[in-house]
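# Examination of the molecular architecture
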Amino acid sequence: FMFYFYGKVSPMAAKGLRLGRRLMSASATRKSVGGRIWEGTAGCPVVKLFTKEDCELCKRVKDVLKVAHETHPHTLEAVDITDRENIDWFRRYKFDIPVLHLQEKYLAKHRVSLELVQAALEEAQRGEFKARTGQPDARNVT
């Protein structure tokens, strides 16, 4: 559905067209950064890092998770929000990566401390982790 102004595509519709073209052609021009980063011990918590290529904050969060992994084993999976199959995650998190989920529940966005990650992993190990508030959702942002 497009909006036209004086025979031209509206700026909002044009932005959506550019995004769609970029996502549709992305698989041919770049390598996905999604996939398993490391495997923890059997039964350990699973952390998902929602990311994209060249995300500096994502690298910093991954460094914190790596340090936490030494004392709090966990599996780390990256979800590349620019991969075609992750279009819904892109729509939700395009302005807020990195975003972390723990056991499929929202944990944090942007920056994390080692203490926050360790405490959350301990809660998850005990089966007590609850989703945090503040989960971003840009689907309705124009």
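On a predicted model such as this, the values are computed, not experimentally measured, just so you know.

For the rest of this paragraph, the subject is the packing of aromatic side chains. Taken as a whole and judged by the stated rule, the model has three aromatic pairs. Here phenylalanine 50 and tryptophan 89 contribute two aromatic rings whose centre-to-centre distance is 4.7 Å and whose plane-to-plane angle is 50°, an arrangement assigned as tilted. Of this pair, phenylalanine 50 sits in strand S4 (residues 46–51) while tryptophan 89 sits in helix H3 (residues 87–93), and the two are 39 residues apart along the sequence. Judged by relative accessible area, phenylalanine 50 falls into the buried class, the value being 1%. A relative accessible area of 26% places tryptophan 89 in the partly exposed class.

Those residues of helix H2 (residues 56–71) not exposed but buried are Cys58, Val61, Leu65, Ala68 and His69. End-on, the buried residues of H2 take up no more than an arc of 110°, which puts them together on one face. Residues of H2 that are exposed and point more than 90 degrees away from the buried face comprise Asp63, Glu70 and Thr71.

Within the structure shown, the criterion is met by one disulfide. The residue that forms a disulfide with cysteine 55 is cysteine 58, at a sulfur-sulfur distance of 2.2 Å. Its S-S torsion of about 75° marks the bond between cysteine 55 and cysteine 58 as right-handed, since a negative value means left-handed.

With 17 residues, the main nonpolar core has Val47, Leu65, Leu100, Leu102 and Leu107 as its most contacted residues. In terms of residue count, the dominant contributor to this core is helix H4 (residues 114–125) (four residues). Leucine 107 has contacts with Leu100, His101, Leu102, Leu116, Ala120, Phe129 and Arg132, leaving out every residue within four places of it along the chain. Counting 10 residues, the second-largest nonpolar core is a separate cluster that includes Cys58, Phe90, Val99 and Tyr106.

Further remarks concern the pairing of strand S7 (residues 105–109). Both strand S6 (residues 99–102) and S7 contribute to a ladder of four bridges, which runs antiparallel. Within S7, the residue paired with valine 99 across the bridge is lysine 109. Linking S6 to S7, which pair antiparallel, is a turn of two residues; within it glutamine 103 sits at a positive phi near 55°.

Following the sequence through the fold, histidine 72 ends up in the loop between H2 and strand S5 (75–80). Between the alpha carbons of histidine 72 and glutamine 125 there is a distance of 9.0 Å; along the sequence they are 53 residues apart. If sequence neighbours within four positions are ignored, histidine 72 has contacts with Gln118, Leu121 and Glu122. Within the structure, histidine 72 has its side chain in polar contact with the side chain of glutamate 122 (distance 2.8 Å).

What counts, and at which threshold
- Residues numbered from 1 in each chain as written.
- Predicted model: local features only at pLDDT ≥ 70, side-chain atom pairs only at ≥ 80, totals over all residues.
- Heavy atoms only, no water.
- Phe/Tyr/Trp six-rings, centres within 6.5 Å; stacked < 30°, edge-to-face > 60°.
- Helix = DSSP H or I, 4+ residues; strand = E, 2+ residues; numbered from the N terminus.
- Buried < 20%, exposed > 50% of the residue type's maximum accessible area, 1.4 Å probe, protein only.
- Arc of directions from axis to C-beta.
- Disulfide = S-S within 2.5 Å.
- Core = buried A, V, L, I, M, F, W, Y, C linked by side-chain atoms within 4.5 Å.
- Contact = heavy atoms within 4.5 Å.
- Pairing = 2+ DSSP bridges.
- Polar contact = N/O pair within 3.5 Å; in protein donor to acceptor, adjacent residues only side chain to side chain.

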